[in-house]
Amino acid sequence: MKVNVTVNGEAYERDVEPRTLLAYFLRESLGLTGTHVGCDTSHCGCCVVLLDGDRAVKSCNMFAVQADGHAITTVEGLEQAGKLHPLQQAFWDQHGLQCGYCTPGMLMTCVAFLKHNPKPSEAEIREGISGNLCRCTGYQNIVKAVQQAAGAETAEAVAS
Amino acid sequence: MFPAQFDYQRAHSIDEALSALASHGGDARVLAGGQSLIPAMRFRLARPAVLVDINPIDELAFLRESNGFLCVGACTRDYAIEVSPLIASRYPMIADTSVLVADPVVRQTGTVVGSLCHNDPAGDWPTTSLAARAQLVLRSKSGERTVSIDDFLVDSYTTAVKDGEMVTEVRFPTPDDRTRGSFYKMERKVGDFATASAAVRITLGADGKITGAGVAIGALGPKALRVGDAEKLLVGAKPSVDLIASAAREAEKTADPGADNRGSVTYKKAMAGVLVARALRTTFERLGVKGLA
Ligand SMILES: Cc1cc2nc3c(=O)[nH]c(=O)nc-3n(C[C@H](O)[C@H](O)[C@H](O)COP(=O)(O)OP(=O)(O)OC[C@H]3O[C@@H](n4cnc5c(N)ncnc54)[C@H](O)[C@@H]3O)c2cc1C
Ligand code: FES
Ligand code: FES
């Protein structure tokens, strides 16, 4: 079955079996291995990508054919013109990752979260990332990174 | 694991979906958010030959009040409920539920109607819908029918939906000024299914006596259960500490859980009582009744 999707601004057309999951389509058909597969059972949030810019979805729990006509953003699409996305920069600055396995999904979840809630409290951040498991950081520095990004994004919005 | 092969059909309107469902009968399944169906297909617990994807049907993504009901369309995501000012101000039991289902990412895709159609014994929306006395609107090529939630939830993972039929919306009666509710869920961690859950909806008369009661428990039997004996005992009575304790005891009696790694039968039965008591206390508080906390 034909699938036409825009991934990180680039249009792709591929022929896939309907049962192909979006995560595997991204990794294997498009070679975009930034999207990780962790639990493969829709629990860990490692595989989260954005659908049409602002909806976080677990890509191991969606068929590639469902993305037809839609725009997907993966972690590869966050950096713009050689400049890290404010959330990526914040994860870097705050040491929001250790092994990095959960990071792509964590980042994409947080991008959607901050779009929906640009000035979150710490409790809201913790709730917002509660569908994403991290085995390394204890979440502390991830929370700090989101707080930094929330501030930074606001600062940029004020400046522009 | 990958699901077994299937044929994928995209529906852009209710009519398109109904035609596809009619022509494939029992081989076809509706794909809504896929948050229960896709995992089930991956574990090969479900092997539908045809999936009819209703996500493109914009006319089914609605959340509105109409003729005394809150109407939630089959494509309305949990997240839309979670952020709705209407729900926050007028439907406290539904608001409570909306932030406890699954995790925040799953809620951006999962639907209320999908959860009811899945009818997981530990699902949260079935419990709340029972207490609310919700109704479901079912459509097929041959017409439309409305089914009460009690008749809709047939058994574990089984509903009143027939081959060729789909649910277009669920309707929750709009509470009047004297009606409030609440929902409680005990879970081991965020995103886990309930160890036990309880939903309560109460209407207080001007004389301070209860004139309407809905009490339901979840994850405590083959499906969400109405605690009819608690409802009977509540109606006509005035809120009191003793009344809450008696209703909680009825919930313990109604509960029929199985033991698993979330708890023993004894523990879960006890939790049925604890959660119904908590939900009643919160509901009475929301109704302005003092001194029961
Ligand atoms: C990690 C994780 C955690 C979860 N935790 C919880 C939890 O704590 N509590 C909870 O209640 N649920 C939980 N769930 C389940 C999930 O939230 C709901 O069951 C789910 O959202 C169902 O809605 P859906 O739109 O995704 O339905 P789908 O998965 O698309 O469909 C479910 C079933 O209903 C049928 N169906 C769907 N829509 C219709 C329709 N309109 N007409 C006829 N049939 C239809 C489908 O054919 C299928 O059989 C969890 C899921 C995941 C992945
Ligand atoms: S890999 Fe998708 S949720 Fe874990
Ligand atoms: S950084 Fe290792 S799992 Fe999160």
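What counts, and at which threshold
- Residues numbered from 1 in each chain as written.
- Chains lettered and ligands numbered in written order.
- Predicted model: local features only at pLDDT ≥ 70, side-chain atom pairs only at ≥ 80, totals over all residues.
- Heavy atoms only, no water.
- Domains from an automatic or database assignment.
- Contact = heavy atoms within 4.5 Å.
- Buried area = accessible area lost by both parts, 1.4 Å probe.
- Polar contact = N/O pair within 3.5 Å; in protein donor to acceptor, adjacent residues only side chain to side chain.
- Helix = DSSP H or I, 4+ residues; strand = E, 2+ residues; numbered from the N terminus.
- Pairing = 2+ DSSP bridges.
- Axes fitted to C-alpha atoms, helices over the stretch in contact; angles between N-to-C directions.
- Salt bridge = Lys/Arg side-chain N within 4 Å of Asp/Glu carboxyl O.
- Nonpolar A, V, L, I, M, F, W, Y, C, P; charged D, E, K, R; others polar.
- 1 Å grid on protein atoms, 1.4 Å probe; cavity = no way out; pocket = protein on both sides within 12 Å on 5 of 7 lines; lining within 4 Å.
- Points joined across faces, edges and corners; volume = space filled by probe spheres on them.

Details of the domain arrangement of chain B
Residues and elements named next belong to chain B.
- Per the domain assignment, the segments making up chain B are domain 1 (7-53), domain 2 (58-173) and domain 3 (179-286).
- On a C-alpha basis, the centres of domain 1 and domain 2 stand 18 Å from each other.
- Contacts between the two partners involve 15 residues from domain 1 and, on the opposite side, 16 residues from domain 2.
- Across the domain 1 to domain 2 interface the summed buried area is about 1,200 Å²; carbon plus sulfur atoms make up 69%.
- Summed over the three residues of domain 1 that lose the most area to domain 2, namely Ile14, Leu18 and Gln35, the buried surface amounts to 44% of that side.
- Linking domain 1 with domain 2 are two residue pairs in polar contact (both at pLDDT 80 or more), by the criterion used here.
- Tallying contributions element by element places helix H1 (residues 14-24) first for the side of domain 1 that touches domain 2, with seven residues.

Thoughts on the sheet that holds strand S10 (residues 166-173) of chain B
All names here are of chain B.
- Taken together, five strands build an open sheet; the order of strands is S4-S5-S10-S6-S7 and the sheet is antiparallel. Strands at the two margins of the open sheet, each flanked by one partner only, are strand S4 (63-66) and strand S7 (143-148). Neighbour-to-neighbour, the strand axes of this sheet turn through a mean angle of 25°, independent of strand direction.
- For strand S6 (residues 135-140) and S10, the ladder comprises five bridges, and the chain directions are antiparallel. Looking at S10, one finds that leucine 136 is bridged to valine 170.

Section: the interface of chain A and chain B
- Contact residues are listed per partner, giving 30 residues for chain A and 32 residues for chain B.
- If you sort the residues of chain A by the area they bury against chain B, Arg19(A), Asn61(A) and Phe63(A) come out on top, with a joint share of 25%.
- Between Asp40(A) and Arg42(B) there is a salt bridge, with its nearest N and O atoms 2.6 Å apart.
- Viewed at the interface, chain B and chain A are joined by twelve residue pairs in polar contact (both at pLDDT 80 or more).
- Split by residue class, the side of chain A that touches chain B holds twelve nonpolar, ten polar and eight charged.

Looking at the sheet that holds strand S1 (residues 7-10) of chain B
Residues and elements named next belong to chain B.
- Ordered by their spatial adjacency, three strands build an open sheet running S1-S3-S2, and the pairing between neighbours is parallel. The sheet is open, and its two borders are formed by S1 and strand S2 (28-31), each paired with just one other strand. Put simply, the sheet's adjacent strands are angled 25° from each other on average, direction ignored.
- The sheet contact formed by S2 and strand S3 (residues 50-53) spans four bridges and is parallel. For alanine 28, the partnering residue across the bridge sits in S3 and is valine 50.
- Sheet contacts for H1: S1, S2 and S3; angle to S3, the most-contacted strand, approximately 170°.

Some remarks on the layout of surface pockets
- If you add up the space inside the second largest pocket, you get close to 550 Å³.
- Going through the elements one at a time, strand S4 (55-58) of chain A together with S1 and helix H3 (78-82) of chain B are the ones with two or more residues in the lining of the second largest pocket.
- The class makeup of the residues in the lining of the second largest pocket is 14 nonpolar, twelve polar and nine charged.

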